[in-house]
Amino acid sequence: MSKSINQTLLEMECKKAILLASYLEAFNELLQETYQELDLPKLIYTPCIFIKLISGENSGETFMVEPDLRRAGSYIKINNTDEFIPPDEDEIKLEHQRLYCFMHAFTHFVFHRSVYGAKTVEAREAAMVVIADIQGFLTPPAAASRKQRHGSVDCGQFHLFDLVTHTARGDSSMGDGGAGMLNSFMNAHVCGDACKQLGLVTAKGHQKSFPRPLKFVPRRAMPWWFQQAEKDHEAKVKAQSSASTNNATSQGTENESSNMVQEPREGAEVDDELVGDESGI
Ligand SMILES: [Zn+2]
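Everything quoted here is computed from the prediction, not taken from an experiment. (Residues numbered from 1 in each chain as written. Predicted model: local features only at pLDDT ≥ 70, side-chain atom pairs only at ≥ 80, totals over all residues.)

1. Concerning the overall build of the protein chain
Across its full length, the protein chain holds seven helices and ten strands. Counting only contacts in the protein chain whose residues sit at least 6 apart along the sequence, the fraction spanning at least 24 positions is 74%. (Helix = DSSP H or I, 4+ residues; strand = E, 2+ residues; numbered from the N terminus. Contact = placed C-beta atoms within 7 Å.)

What follows is the structure, encoded as structure tokens:
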């Protein structure tokens, strides 16, 4: 991969991290307002640093650096890149069930916020964001555990990283499954109690932001280098999964340097129409 293509892909990753960090900040505030009595871990998108060498033998090389949290907390995978239905409670450890519940609501929250204010179908399509491949490290409270700090209790943090974003155009970053994934999300998502308590559902039970019926424009043709980069990544993921199975922790933390770890695109099918109730934002 050329230096310029690698740089473009890493810049997309960094922009995605900034976007998701802002969504998480807003979601944290909403959780605190809604569940004042609950001790919830703070949701954080793991910060990343973009580095470009400007001299020396490797001048022009670019890197994305993230902190290594493998020893700081326990790895938790919430869903996969094309998975929008939460697992059965029986499959989740009791102490993690609340986190799963809130991260499920977070997917709805991001979608809701992304289309908020868009007045036309075209504007909504352009703005839609669905997140997937939610994973992170849950770290315990600081040494002075559960101590009152700035008026709030330290309940630990959930450090998310390497999430996938799906958009109608399919070009937000590597792993973006395009309009087909937006359709999958809208068809599969079932609001849980948190969606309702956080105000993402109307009094009639409709999901506030799901614009139905909706026609998607065909997926835009990706630049050749984007397609090639995704093919390369897909081959790499397959090789990794065959080399080491059931090693989720190491799989999830490989993008500490310039390597980008995203799930391969799962398909670009475009549904012509969604059938359902029309509901406003
Ligand atoms: Zn929901």
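2. So, the sheet that holds strand 6 (residues 135-139)
On the basis of which strands lie adjacent, the open sheet formed by four strands has the order 1-9-6-4 and mixed pairing. Every interior strand has two partners, whereas the edge strands, strand 1 (42-45) and strand 4 (74-77), have only one. The average angle at which neighbouring strand axes cross in this sheet is 30°, direction not considered. Pairing between strand 6 and strand 9 (residues 157-160): four bridges, direction antiparallel. Considered in strand 9, the bridge of L138 is made with F158. (Pairing = 2+ DSSP bridges. Axes fitted to C-alpha atoms, helices over the stretch in contact; angles between N-to-C directions.)

3. Quick word on the packing of helix 1 (residues 3-34) against helix 2 (residues 97-115)
Packing of helix 1 against helix 2 leaves a shortest axis separation of 10 Å and a crossing angle of 115°. Here helix 1 runs over helix 2; the crossing is right-handed. On helix 2, the residues touching Y23, A26, F27 and L31 of helix 1 are F102, F106, F109, V110 and R113. Looking at the contact of helix 1 with helix 2 residue by residue, the class counts come to eight nonpolar, no polar and one charged. (Left-handed = near helix turned anticlockwise from the far one by under 90°. Nonpolar A, V, L, I, M, F, W, Y, C, P; charged D, E, K, R; others polar.)

4. Examining unusual backbone geometry
Although it is not a glycine, D133 sits at a positive phi angle of roughly 55°. When you line up the elements, D133 lands in the loop between strand 5 (130-132) and strand 6. Positive phi values are uncommon outside glycine, yet D162 reaches one of about 60°. Residue position: D162 is located in the loop between strand 9 and strand 10 (164-166).

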